[in-house]
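# Structural features, examined
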Amino acid sequence: MTAEHNFSEQEVLRRQSLTELESRGITPYPSPTWPITHSAKEILDNYKQGDTGYENISIAGRLMTQRIMGKASFASLMDSSGRIQLYLNRDEICPGEDKSFYNDVFKKLMDLGDIIGVTGYAFVTQTGETSIHVKELKLLSKSLKPLPVVKEKDGVIYDAFSDPEMRYRQRYVDLIVNSHVKDIFIKRTKLINSIRYFLSDKGYLEVETPILQPLYGGAAARPFKTHHNTLDMTLYLRIADELYLKRLIVGGFDGVFEFAKDFRNEGMDRFHNPEFSMLELYVAYKDYEWMMGLMEAMIEKVALDLHGTTEITYGEHKVNFARPWKRYTMFEAIEHFTGVNIDGMDEATVTAEAVKLGVHVDSTMGYSRVVDEIFGMHCEPKLIQPTFITDYPIEMSPLAKKHRSKPGLVERFEAICIGKEICNAYSELNDPIDQRQRFEAQLEMGLRGDEEAMMLDDDFIRALEYGMPPTAGIGIGIDRLVMIMTGAQSIQEVLLFPQMRAEQIS
């Protein structure tokens, strides 16, 4: 419960202003629609002195600055497109004898952060700044908390609202005072739409599959667990969409995809959030080689749609998404970066080599986990340009098809960029007998203590027994791709509301 004495001085003054406005018959939160004819950006980009079409402007937004100079004042209004200067003259705002709306309401009772509506006309000031000459001003929503005061002088920002804890918890404030943050989320939407149109144009169907699942599968991860009271059964938040989407390929769709929220009960860092966005795509009668070509073409198009070029800057790196991308097999990458050829080694030998390379191993880790740890420590961080890593050990990939020419491996690839995986793809396993054996091997790994081992899904195997055509599938981490395409250094920067510890509000 919040008491009066917990308010800051500014909050107390704003509540007093609220009371005063109401006493004057001014509704601080009026209901009627405010008509909007123009945006700030539209006026600033297009208006030239003397242009017609800008004589009757109606605009709304947040009051961001005030410069009061007696009978005339300047202010600035910020809408969703940007900021524009306002010019207010007392006698035009208050054409009658009563000047109190300008003298008292505008000058004393309106605060920075208030949402206002104005009508008027565009003009260019003597200093050359496009502005709105205000004929009518109306309060649309009273702000009871002061915005952080961010100052700029000679291109230098002072008192920036930059603390990550505050920014992520109060994203609404972050979006108001840090204009570049909004640009990240505009680009995020453009990126998703670019992928959606690319796939839809090829005739693939966008679908939705269950988030609450009786069995979790499709990835190696720990799930979130819940209970359905009516059915009296345990359910899991999905860790992937894969097994449901492949059921649809069995059902006769040639290509299906889903933009999905997935959930994994794992650690959090600048590349991981427990709730994250994925794109999964499955196309019948294709293989992983074909899918590599589609991935290259799609992400090249995304870069062009967002930036007009395939080359972007990420930190100190220039990254180029132009096709073709470099390719290594997993064993080639390990040999390239460590000098050790692990091809043909058994579990004990690979584990010994891992120890020599400084990789942590323990008794719960089988052959595939040890290989993955070597790759993750010595190879992945060094892959800056988009690179395909192909042909993984079979134990690492219980849903991928056995390699057509390399025993012990599967037809799988990951794309790595800026040292992080951005996609995972297979020639999908469609042999139901092989699939059951792989699931059973996962159960054995679970008994050894691997908390990320998959469950055995009998219904999925039953679907495969009806026959699934040869299929290529891919999962793309949308959040990581947005990070790379916007230069963001943490996943929290590209999530509007990232997961955080509970806040203690007094």
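It should be noted that the structure appears before, not after, this text.
Described in the following lines is the structure provided in the data block. Here the structure is a predicted model, which means the values were calculated and not measured.

Conventions adopted
Here the residue numbering is sequential within each chain, running from 1 through the sequence in written order. The predicted origin of the model limits local features to residues at a pLDDT of at least 70 and limits the giving and counting of side-chain atom pairs to 80 or more, whereas totals for whole chains, interfaces and linings rest on all residues. Side-chain descriptors were evaluated using all non-hydrogen atoms of the structure, hydrogens and water having been removed beforehand. Only protein atoms enter the calculation, which uses a 1 Å grid: trapped sets of points that fit a 1.4 Å probe without letting it out are cavities, open sets showing protein on both sides within 12 Å along at least five of seven lines are pockets, and any residue with an atom within 4 Å of a point is a lining residue. Grid points are joined across faces, edges and corners, and a volume is the space filled by probe spheres set on the points. Note on conventions: DSSP H or I runs of at least 4 residues are helices, E runs of at least 2 residues are strands, and numbering of each starts at the N terminus. Under the scheme applied here, ten amino acids are nonpolar (Ala, Val, Leu, Ile, Met, Phe, Trp, Tyr, Cys and Pro), four are charged (Asp, Glu, Lys and Arg), and all others, including Gly, are polar. Throughout this description, the term nonpolar core refers to a set of buried Ala, Val, Leu, Ile, Met, Phe, Trp, Tyr and Cys residues connected via side-chain atoms within 4.5 Å. For each residue, the accessible area found with a 1.4 Å probe, counting protein chains only, is set against the maximum for its type, and the residue is called buried under 20%, exposed over 50%, and partly exposed in between. Any two residues whose heavy atoms approach within 4.5 Å are treated as being in contact. A pair of strands is labelled paired if DSSP reports no fewer than 2 bridges between them. Here the axes come from fitting lines to C-alpha atoms, over the contacting stretch only for helices, and the angles between their N-to-C directions go from 0 to 180 degrees. Two N or O atoms count as a polar contact when they lie within 3.5 Å, although within protein this holds only if one can serve as hydrogen donor and the other as acceptor, and sequence-adjacent residues are included solely when both atoms are side-chain atoms.

On to empty space enclosed by the protein, then. Following the criterion strictly, the structure yields 1 cavity of 30 Å³ or more and no others. Of the volumes computed, that of the largest cavity is approximately 40 Å³. Lining the largest cavity, in full, are Phe271, Tyr314, Ile418, Lys420, Arg480, Met483 and Ile484. Looking at the lining of the largest cavity, the element that brings in the most residues is helix H15 (residues 478–486), giving 3 residues. Residue composition of the lining of the largest cavity, by class: 5 nonpolar, no polar and 2 charged.

To continue, consider the nonpolar core. Formed by 53 residues in total, the largest nonpolar core has its most connected members in Leu191, Ile195, Leu199, Met295, Phe321 and Met485. Counting residues per element, this core draws most heavily on helix H9 (residues 288–307), at 11 residues. Every residue in contact with methionine 485, bar those within four places of it in the chain, is listed here: Leu191, Ile299, Val302, Ala303, Leu306, His307, Ile312 and Phe321.

On to the sheet that holds strand E4 (residues 115–124). The 5 strands lie next to each other as E1-E2-E3-E5-E4, forming a closed barrel whose pairing is mixed. Between one strand axis and the next, the sheet turns through 50° on average, direction left out of account. As paired elements, strand E1 (residues 57–69) and strand E2 (residues 72–79) share 7 bridges and run antiparallel to each other. Bridge pairing in E2 links arginine 67 to phenylalanine 74.

We now examine the sheet that holds strand E10 (residues 225–228). Strand order in the open sheet made by the 3 strands is E9-E11-E10, with antiparallel pairing throughout. In this open sheet, the two edge strands, each paired with only one partner strand, are strand E9 (212–213) and E10. In this sheet, strand E11 (residues 233–237) lies alongside E9 in antiparallel orientation, the contact comprising 2 bridges. Note on E11: the bridge partner recorded for leucine 212 is leucine 237.

Within the secondary structure, asparagine 424 sits in strand E19 (residues 420–427). Polar contacts involving the side chain of asparagine 424 include one to the side chain of tyrosine 426, which spans 3.5 Å. Beyond its immediate chain neighbours, meaning those up to four positions away, asparagine 424 contacts Arg412, Phe413, Glu414, Gly473, Ile474 and Gly475.

As a further point, take the environment of methionine 69. With respect to the helices and strands, methionine 69 occurs in strand E1. On the accessibility criterion, methionine 69 (44% relative accessible area) is partly exposed. As for methionine 69 and lysine 190, which are separated by 121 residues in sequence, their C-alpha atoms are 43 Å apart.

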